[in-house]
Amino acid sequence: MTGEGGHIVQFDNVGLRYGTDREVLSDVSFTLFPGSFYFLTGASGAGKTSLLRLLYLAQRPSRGVIRMFGTDVITVPRARLPAFRRRIGVVFQDFRLVPHLSAFDNVALPLRVSGVPEGEIRKPVADMLTWVGLDQRADARPATLSGGEQQRVAIARAVIARPEILVADEPTGNVDPEMAVKLLRLFEALNRLGTTVVVATHDVHLLRKVSDSLIMRLDRGRLSDPTGALRYPPRPEVAAR
Amino acid sequence: MNAVFSIGSMAIRRNAPRFGAIDRLAPHSRLAGPMPWVIAIMIALTVIAAGAGLALRNLGTNAGAEIAGGLTVQILEGAPAARERQAQAAVAHLRTRQDVAEVIRVPEKDLEALLEPWLGRQMLTGDAAIPVPALIDVRLQGPVTERRLEELRASLKALVPSARIDAQAGWLGPVFDALASLQWLALGLVALLAAASAAAVWLAARSALGGNRETIEIIHLLGATDRQIARLFERSIAFDAAIGGLAGLLLGAGALWLLGSQFARLGSGMVTGGALGPADWALLVAIPVAGVVLATLTARLTVVGALRRML
Ligand SMILES: Nc1ncnc2c1ncn2[C@@H]1O[C@H](COP(=O)(O)OP(=O)(O)OP(=O)(O)O)[C@@H](O)[C@H]1O
Ligand SMILES: [Mg+2]
């Protein structure tokens, strides 16, 4: 499941530019350890979404090396990528719900893509919708849901298949503070089951709500490592956690 | 708390997803708007043009075979007695020849019946009757060639100087030429309509997929394989193309059947020779089938093409 060094993700000198523009990510190097909880912070436009797109395999970097699950995912044949994507749960910043599917079917999507038998889908999806408070809206199309409700469907979809890595881009941007904390608890629960969690946010209050979380800071495309947790090998007190 | 993840971890994370699993995710807005009808109309027109072309071909072949070996011998002798003698001599001579399959003397009564409406009774009977040539229908073994005609003419003229021989295909020649041109015209029409139908199917499939680009990308990012996604869209688009194609086939075949039965009522042997056989109908049914195949291939190429542009 992880690389030789006990890490699940390793970025080495990664750079990313869109087209011929300047680099939006430069010299990004870090390591994620399995079962850890990371917050990715930074000003708007700092490159958080761009970094997460690399993480959920939507984008190739312009330079550098990315290893995930012990595999170099840049040189791996394209046909092997779907299997990696199924091990990663994603909450997109713009939700990206399938418009013609109900909330229920959107949440069930990762299970169906993974070939889970239909009989084993109904209960977990219903349970998850209840958890995010949408059991009454299971049959609703995304267009008829509020922004916060859509966000909760997106989160339910990201966690339903118990991914090994959860990547969430501003997952609490559209919900009230109370619901934000509740959703964080969901991520923590998943984290305790062994999932590595990366949450991008510019809500600094959120950071304090999760004990033992590690911080990744992006500043105009460059990553700083205030706690030293992202180095490899990690500092002893970080590794001990 | 952890109970929220009630999915068994063994149930997920299979590396080989079953293809059927996401089929129910097929988009509801499949072929958008008027496209199924455009497909139906194009298929109908193609079927009609192809049917007409096949009917013309059958007509040409049947009529051609019927008169290919046919000759008409006229005895142009004014005196009735001499004419009768010469006609009998000609029939006798023709019957002895190996290369002649059939000789029929057209009865004088038939000829008179044929001419009476034009000339009137008194012109055909009595002493003042105008002379009418004796007619003999001859069928050769195999087709009539210029050489055979010359040879037969020479041998008959030696015996019956007043005989005149014409190949039936000769005076029908312009008709056959016209039939051939019509066949080429039908073929050209079929080619043009098939190209336009193919374009309609192609555009319909592409526009249906264009509206679902977002869905394709989402399912792709959730880890669906290219094949899973392509199958998803292939099926729904093939289904819609099948609906349009079936409607077009029924429309086109209905029109052909209607035309066929109206021509049949004309009762002319030549026209009924153009009736469509089972093989022809099979060919017409193959037109919408080809449309469905094309739509499916287009869907696959478009989806896979769009996916290749993603990582
Ligand atoms: N598809 C793209 N094409 C070109 N430039 C892009 C593209 N996506 C992002 N950028 C640019 O890259 C930079 C980083 O964008 P990114 O979306 O990663 O920022 P972010 O940290 O997620 O911001 P926010 O907090 O507002 O979501 C921005 O300057 C943005 O304009
Ligand atoms: Mg962003």
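Structural data are supplied above this passage.
Residues numbered from 1 in each chain as written. Chains lettered and ligands numbered in written order. Predicted model: local features only at pLDDT ≥ 70, side-chain atom pairs only at ≥ 80, totals over all residues. Heavy atoms only, no water.

**Describing the pattern of salt bridges**
Rules: Salt bridge criterion: a side-chain nitrogen from Lys or Arg within 4 Å of a carboxyl oxygen from Asp or Glu. Runs of H or I in DSSP of at least four residues are treated as helices and runs of E of at least two as strands, each being numbered from the N terminus. Think of it in three bands: with a 1.4 Å probe and only protein chains considered, a residue is buried below 20% of the maximum accessible area for its type, exposed above 50%, and partly exposed in between.
Counted under the stated rule, the structure contains 21 salt bridges over all chains. We note a salt bridge from R78 of chain A to D226 of chain B, for which the minimum N-O separation is 2.8 Å. Here R78 of chain A is found in the loop between β5 (71-72) and α2 (81-85), whereas its partner D226 of chain B is found in helix α8 (residues 226-266) on a different chain. For R78 of chain A, a relative accessible area of 22% corresponds to the partly exposed category. Look at D226 of chain B and you get buried, because its relative accessible area is 14%. The salt bridge involving D105 of chain A is made with R112 of chain A; its shortest N-O contact spans 2.9 Å. By relative accessible area, which is 19% here, D105 of chain A ends up buried. Connected through shared salt-bridge partners, E23, D27, R63 and R222 of chain A make up one network.

**Regarding the site of ligand 1**
All names here are of chain A. Cut-off, in case you're wondering: If a single non-hydrogen atom of a residue is within 4 Å of a molecule or strand, that residue counts as near it. For the purposes of these results, a polar contact is taken to be a pair of N or O atoms within 3.5 Å, where, inside protein, one atom must be able to donate a hydrogen and its partner to accept one; residues adjacent in sequence count only when each atom of the pair is a side-chain atom. Calculation of accessible area relied on Shrake-Rupley with a 1.4 Å probe; when residues are assessed, cover is drawn exclusively from the protein chains displayed.
The environment of ligand 1 is made up of 13 residues, and the closest members are S44, G45, K48, T49 and S50. K48 places a side-chain nitrogen or oxygen 2.7 Å from an oxygen atom of ligand 1. Here an oxygen atom of ligand 1 and a side-chain polar atom of Q93 are 2.9 Å apart. A total of 630 Å² of accessible area belongs to ligand 1 in isolation, and the protein chains cover 63% of it.

**A word on the environment of L251 of chain B**
By the secondary structure assignment, L251 of chain B is in helix α8. Residues L251 of chain B and V47 of chain B, spaced 204 residues apart in sequence, show a C-alpha to C-alpha distance of 8.8 Å.

**A short note on the packing of aromatic side chains**
Residues and elements named next belong to chain A. Convention followed: Only centres within 6.5 Å qualify two rings of Phe, Tyr or Trp (six-membered ring in Trp) as a pair; their planes then separate them into stacked at under 30 degrees, edge-to-face at over 60, and tilted for everything else. Charge-over-ring placement is defined geometrically: NZ (Lys) or CZ (Arg) within 6 Å of the ring centre, and within 35 degrees of the ring normal.
Tallied over the full model, the rule gives four aromatic pairs over all chains. Both rings, one in F11 and one in F30, keep their centres 4.4 Å apart while their planes meet at 25°; by these two values the pair is stacked. Residue F11 is located in strand β1 (residues 9-17), and its partner F30 is located in strand β2 (residues 23-32); the two are separated by 19 residues in the primary sequence. Seen in terms of ring centroids, F69 and F84 are 5.8 Å apart; in terms of plane orientation they differ by 10°. Their pairing is stacked. Placement of the pair is F69 in the loop between β4 (63-68) and β5 and F84 in helix α2, with a sequence separation of 15 residues. The two residues F69 and F84 agree in class, both being buried. Lying over the aromatic face of W131, K182 brings its terminal NZ or CZ to 5.0 Å of the ring centre.

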